[in-house]
Each structure stands twice: as structure tokens, then as C-alpha cells.
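Letter by letter, the chains look like this.
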Number of protein chains: 2
Amino acid sequence: MITSTVENYLKALFLLDQHGEKEVSTGELAKSLSVTPGSATSMIKTLAEAGLIEHRPHYGVKLTERGRTLAVHVVRRHRIVELFLVEILGMDWSKVHDEAEQLEHVVSDEVIERMDVLLKHPTFDPHGDPIPRADGTLPSQSHYTLSKSKVGQQLSVSRMNDQDADFLQFAEKHGLMIGEKITIVEHNKLADSLTIKTRDNTVILGLSAAANIEVCDA
Amino acid sequence: MITSTVENYLKALFLLDQHGEKEVSTGELAKSLSVTPGSATSMIKTLAEAGLIEHRPHYGVKLTERGRTLAVHVVRRHRIVELFLVEILGMDWSKVHDEAEQLEHVVSDEVIERMDVLLKHPTFDPHGDPIPRADGTLPSQSHYTLSKSKVGQQLSVSRMNDQDADFLQFAEKHGLMIGEKITIVEHNKLADSLTIKTRDNTVILGLSAAANIEVCDA
DNA sequence: TTTATACTTTTGACTAATCAAAAGTATAGG
DNA sequence: CCTATACTTTTGATTAGTCAAAAGTATAAA
């Protein structure tokens, strides 16, 4: 049976290893789901028996084809629901993550496909994350993090790595919304800070905050 | 903790005794939730301890004020979601019940209130059932069942007592949708049947089917 | 008054998921 | 080669919900 818990484990594994390249450790998985390592181990056993992951004890786990397919569909549901909540119900983009976290496990395929049509087959969600297509493939875009950009570059904010509502609100208040054009004014290596010109502000960010914001060329 | 299971028990109790007048028996409750009587008894114990119902052993249970309030809010969520699925997502009214059954336990108050606004504060859902207001009160309307109506009466279909998708599709196909005007042509007591003229059909229904359709004066 | 019947409650067992803590394992450093 | 450390797995307990079947209770009929 694919319970919501199972879906959450599969989704976490997918998000920790989007490309299906490395093995994910029990500890990483446990941390990302806020459960104890022991809980993760026992669920890993269950998922491996169900053929959803492959487990090399003491080394790590990897999604099987079937597990990855299920995970991608959970992600698709999550991101379509998020966008729907923002676009159709007018909710604040900084608050839709938690709501979608619940809804992703119960909305039927029919509802998702109807939302998809209403939203005109969108490719990115309100946080800039790609929305997997119904066939399981992913749209792509070349992102890099703000902390790696050069002075003078004209950029466009493309996604947020941090889903924390406070952080998202802070970003929004300073004109760092998805799609917004920005310019790097100064990179102070001593202060470890980045001065950024947004549409109508100038913001100074520490590099760790800048690492949470992805951009692409404007 | 108010789990979905708890919400389902409370909702079932409310629907079995809308007016809070009689006591509901363990058996009735168990049947309406498709669980064994023993399961119902043990949940009854839990709900009584939580102060959500009052239990007179061997006689029955009744919602407390707090239990009723919670139940009414679940019903509100269910019915708003149903109407939303039909009106905004264009789903078939005969299919939205099961979907709403899942969603009612996870949608937040904020989402419900936004749907309510988008739907312009509706008072009845697609099956003709009243939608409780956010304050817990219920709109009312004088319904009676088709099986009790008289020959010659001009009526308007106002709600369906049976949520079974096949029945709803049958009704729809024969022009027995909510709001549709109909006339009673004949009541054959021997055949136990009712002949009804709809907009562009004449339908013959057995009395047991007729008892599942509520009407009000046209 | 007694008994049969129908219903309710209790009991004991099971599943999914969790945690805390004990036991086991891989590996880097000496 | 040995050991300390960090991580993983195992073990045993707990919770919410369920079922099947045994035991108990209320009541209508004899």
C-alpha cells in the first residue's frame, strides 16, 4: 500500500538525489524527514521489499525505476497544487508549501490534470521549481546560486532553495521575487556580503543567504 | 489529536442525527462507517474520553457541543470542496463526493474561506445539501421526498439522499438534476411506481428510488 | 418468570509508523 | 594492525486504528 508516509520517503529520496546518481545515506534521509535514523532504517526495509528502492546496507539507498516514477508524480502533484493555490486562490506564495505538503497525498489524478489545464500547463511552480510533466519528464533551465554570481551581472531571480516562510517573506519584502531583475553591485569578501540592486531597493545579503537564491541570466 | 478518523466518526454522528435529538446506536454508527461494531465501541470510548460525545453504554451516543462544532466544520469543508470541484474545476457532480471525502481532512481554513469567497458564499452544494456557515449555523429549506409527493404536483428537485455515483448518473441521464422542474404524472400503488415528467423525458421510478430524491415546491 | 434474540462491549491479535537505546559496522588515524 | 568515531541497524516499546470472536446486557415473547 502506498501510504502518505511512503510517498514522503520516496519524495525525499528524489529531492535529495534528483539525478539518480548517488546513493542517499540513512542519516541524510532521516534528517530530511525529521525522523530518527532507526525509523528511516525500518522504512527503508519496507520500501526495499516493495521494490521501490535498492538498499546496500551501511552504504545507502537509491530509487528504483518504479520508486522514481512514484516520487516524480508526488512532486508533480505538490508543485501543481502550490501554483494553483497561488494563481487561482490568490494565496501568498510563502505559505503554500505546507498546504501542498498535505494535499499532494490526497488529490486525484483527475483533479491534478484539471488544475494543469486551468493553469495552462505550467512548467515552474511559485518557488521556481520545475513541474514534472504527466509522463514523468522534467523541464530544465540553467540556474546558479546568487553567491556564485559576479559583480555587474544582470540577473533574474529563478528559484529559492529555502522554503522557510520567514525567509521567503524577507526575500519578497526586498524585491527578490521569482522573475525579478537584479544587478550585483558589490561583493565584499571581508564582510562576506553581496550588495544587490533590485527594482526599487538595494539589499545587502550574507553569502549564506545568497546561496539560497538561484538566478539565471537576465 | 483530531485525526481524520476522529473527524469521520464525528461527521457520521452528525449526519445520522442532524438535529442532535436522538441518540445514535453503536450499530448504526458502525454501519455508516463500514467498520465492525467492536471498532465503533472502542472509538466511542476514545471520543467520550476526549469530551466529543456522550455515551450511555448499551443505549447510544450523542455529540457534545464541542463535538458537534467540529463535525459541522468537517461538513462545511466537505461541501465547499465539492462545490468548488464542480464549479471551478468543472468536475462531474456524481464524482466529487469521494474526492471531497479525502480533501475535507487536509484543507486549511484559509483555503476553505478563499474557496467560499470565489464561490460567492454558496448555501447549497451540488447535491442540494446545505453548506454550514463558518460560524457553524445551517441554512434551511423545506424539502420532502419524491415518494411522498402527490399526483399533479409541480416540483423542483432539491437534493439527493443517495451519494452512489451510479445512482447519481442514472438520475442525471433522466433529467433529475438539482433545480430541475418536474411534474408527478401518476402514482401506481400496485406497481409501487411513480411516473414523472421531466423537462424532456418521462421516467418511471420505484418508490424506493423515489425516496432517495428530495424535492420542494416549484 | 424465563428464555431467545439482537445488540453492545470486551478481549486479544494485528499493522503501520514511530522513538530510545543497545548493538553492530566501516573507516580514518595512529 | 588496532582503535576511536561516526554512522547504521536491531531491539523492544508505544500509539492509533482495525478485526474476529467471546462475553455480557436489554428486552420482547412465551
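One can find the structure itself at the top, above this paragraph.
Computed from a predicted structure; not experimentally measured. Residue positions within a chain follow its written sequence, with the count starting from 1. Here the convention is simple: chains get letters from A, ligands get numbers from 1, in the order in which they are written. Local features in this predicted model are restricted to residues whose pLDDT is 70 or higher, and side-chain atom pairs enter the listing and the counts only when it is 80 or higher, whereas totals over whole chains, interfaces and linings include all residues. Values reported for side chains reflect all heavy atoms of the structure, with hydrogen atoms and water molecules removed beforehand.

Asks: Is there a simple way to think about the sheet that holds strand β8 (residues 213–217) of chain B in this case?
Replies: Strand pairing within a sheet occurs via backbone hydrogen bonds; the two strands may be parallel or antiparallel. Residue and element names in this part refer to chain B. We call two strands paired when DSSP finds no fewer than two bridges between them. Secondary structure elements are defined from DSSP: runs of H or I of at least 4 residues count as helices, runs of E of at least 2 residues count as strands, and each element is numbered from the N terminus. Here six strands make up an open sheet; going across it, the order is β3-β8-β4-β5-β6-β7 and the pairing antiparallel. The two strands at the open ends of the sheet, each matched to only one other strand, are β3 (144–145) and β7 (202–206). In this structure, strand β4 (residues 154–160) lies alongside strand β5 (residues 181–188), joined through three bridges in antiparallel fashion. Counterpart to Q154 in the pairing with β5 is T183.

Asks: Would you mind going over the sheet that holds strand β7 (residues 202–206) of chain A with me for this structure?
Replies: Residues and elements named next belong to chain A. A sheet is described by the order of its strands in space; here six strands give the open sequence β3-β8-β4-β5-β6-β7, paired in antiparallel fashion. Single-partner strands in this sheet number two, and they are β3 (144–145) and β7. One ladder, built from five bridges, connects strand β5 (residues 181–188) with strand β6 (residues 193–197); its direction is antiparallel. Bridge pairing in β6 places H187 opposite L194.

Asks: How should the pattern of salt bridges be read in this particular structure?
Replies: Pairs can form between side chains of opposite charge once their charged atoms are near each other. All names here are of chain A. Just to be clear on terms, a salt bridge is a Lys or Arg side-chain nitrogen sitting within 4 Å of an Asp or Glu carboxyl oxygen. Tallied over the entire structure, the rule returns 26 salt bridges over all chains. Taking the shortest distance from any N to any O, the salt bridge between R159 and D129 comes out at 2.2 Å. One end of the pair, R159, is in strand β4 (residues 154–160); the other, D129, is in the loop between α6 (109–118) and β3, with 30 residues separating them in the sequence. Buried, partly exposed and exposed residues are distinguished by accessible area as a fraction of the type maximum, computed with a 1.4 Å probe on protein chains only: under 20%, between the cut-offs, and over 50%, respectively. With relative accessibility at 15%, the residue R159 sits in the buried group. In this structure, a network of salt bridges that share partners links the residues K11, E101 and E104.

Asks: How should I be thinking about the pairing of β8(B) in this particular structure?
Replies: Two faces, one strand: in a regular strand the side chains alternate between the faces of the sheet. Residue and element names in this part refer to chain B. Across the five residues of β8, four count as buried, placing the element largely inside the fold. Two elements, β3 and β8, share two bridges in a ladder whose sense is antiparallel. Within β8, the position partnered with T145 by the bridge is E214. Direction of pairing for β4 relative to β8: antiparallel, over a ladder of five bridges. Within β8, the position partnered with S156 by the bridge is C216.

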